[in-house]
Amino acid sequence: MGSWGITERESYYGLDLLGTIVATQLKSAGLTTFNVAEAIDTITADIMEEIRKANRGCSAEKLVFYFSENFPQNFTHGALLIAKCLADYYRTEGTDCHRVRWQEV
C-alpha cells in the first residue's frame, strides 16, 4: 500500500476494516481497549463475509478457489492495519488525542 504514499489505514479497504473494528470492538470498550485477538477475529469474519457476498451463487468449488485467492491478501492488509493501529495505540495510550483519532474514523 505504501508505494504511492497511501498507508493501509488511509486506503478504502483499510478504512472499511477499521470501521468494522471500531464498531464491533472499540466503541463497546469506550475506545480505551484494543484487543488484538478480537480484532483479528473481527477482520477474519468480515473478510469471509465479504468474499461470500461477492461470490453468491457460485459453486462450492469456485467459492473455495475465491477464498484461496482472496483471503490471504485481504488478511495481510488487515494484519498490517492492526499492527499500525496497535503501534498508534501504544504511542498515544490514554490521551485525548488517542480518543479523537479513533472517533474520526
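For the structure, check the block above.
Quick look at the structure, then. Just so it is clear, the structure is predicted and the values come from calculations on it, not from any experiment. (Residues numbered from 1 in each chain as written. Predicted model: local features only at pLDDT ≥ 70, side-chain atom pairs only at ≥ 80, totals over all residues. Heavy atoms only, no water.)

**Let's talk about the packing of helix 2 (residues 36-54) against helix 3 (residues 60-91)**
The description of two packed helices rests on the angle between their axes and on the distance between the axes. Running from N to C, helix 2 and helix 3 cross one another at 145 degrees; their axes reach a closest spacing of 9 Å. Relative to helix 3, helix 2 is oriented so that their crossing is right-handed. Between helix 2, through Val36, Ala39, Ile40, Ile43, Thr44, Ile47, Met48, Glu50, Ile51 and Arg52, and helix 3, the contact on the second element is made entirely by Leu63, Tyr66, Phe67, Asn70, Phe71, Asn74, Phe75, Gly78, Ala79, Ile82 and Leu86. Residues belonging to the contact of helix 2 with helix 3 are distributed by class as follows: 15 nonpolar, 4 polar and 2 charged. (Axes fitted to C-alpha atoms, helices over the stretch in contact; angles between N-to-C directions. Helix = DSSP H or I, 4+ residues; strand = E, 2+ residues; numbered from the N terminus. Left-handed = near helix turned anticlockwise from the far one by under 90°. Contact = heavy atoms within 4.5 Å. Nonpolar A, V, L, I, M, F, W, Y, C, P; charged D, E, K, R; others polar.)

**Examining the packing of aromatic side chains**
Taken as a whole and judged by the stated rule, the model has 2 aromatic pairs. Their ring planes at 20 degrees and their centres at 5.7 Å tell us that phenylalanine 71 and phenylalanine 75 sit as a pair that is stacked. Note that phenylalanine 71 and phenylalanine 75 are positioned in helix 3 at a spacing of 4 residues, about one turn of the helix. (Phe/Tyr/Trp six-rings, centres within 6.5 Å; stacked < 30°, edge-to-face > 60°.)

**Describing the environment of asparagine 74**
Structurally, the position occupied by asparagine 74 is in helix 3. Taking relative accessible area as the criterion, asparagine 74 reaches 12% and is therefore assigned buried. Once you skip the residues sitting within four places of it in the chain, asparagine 74 turns out to touch Tyr13, Ile47 and Glu50. (Buried < 20%, exposed > 50% of the residue type's maximum accessible area, 1.4 Å probe, protein only.)

**Considering helix 3**
Between its terminal C-alpha atoms helix 3 stretches 44 Å, which fits the 46 Å expected from 32 residues at 1.5 Å a residue. Most pronounced at asparagine 70, the bend in helix 3 amounts to some 35 degrees, and the proline proline 72 follows within four residues. By the burial criterion, the buried members of helix 3 are Phe67, Asn74, His77, Gly78, Leu81, Ile82, Cys85, Asp88 and Tyr89. (Expected span 1.5 Å × (residues − 1). Bend = angle between axes of the 7 residues up to and from the residue.)

**What about the packing of helix 1 (residues 12-26) against helix 3?**
Interhelical geometry of helix 1 versus helix 3 gives an angle of 65 degrees and a closest axis separation of 10 Å. Here helix 1 and helix 3 pass one another in a crossing that is right-handed. Along the contact surface, helix 1 presents Tyr13, Gly14, Leu17, Leu18 and Ile21, while helix 3 presents Asn74, His77, Gly78, Leu81, Ile82 and Cys85. Classifying every residue of the contact of helix 1 with helix 3 by side-chain character gives 7 nonpolar, 4 polar and no charged.

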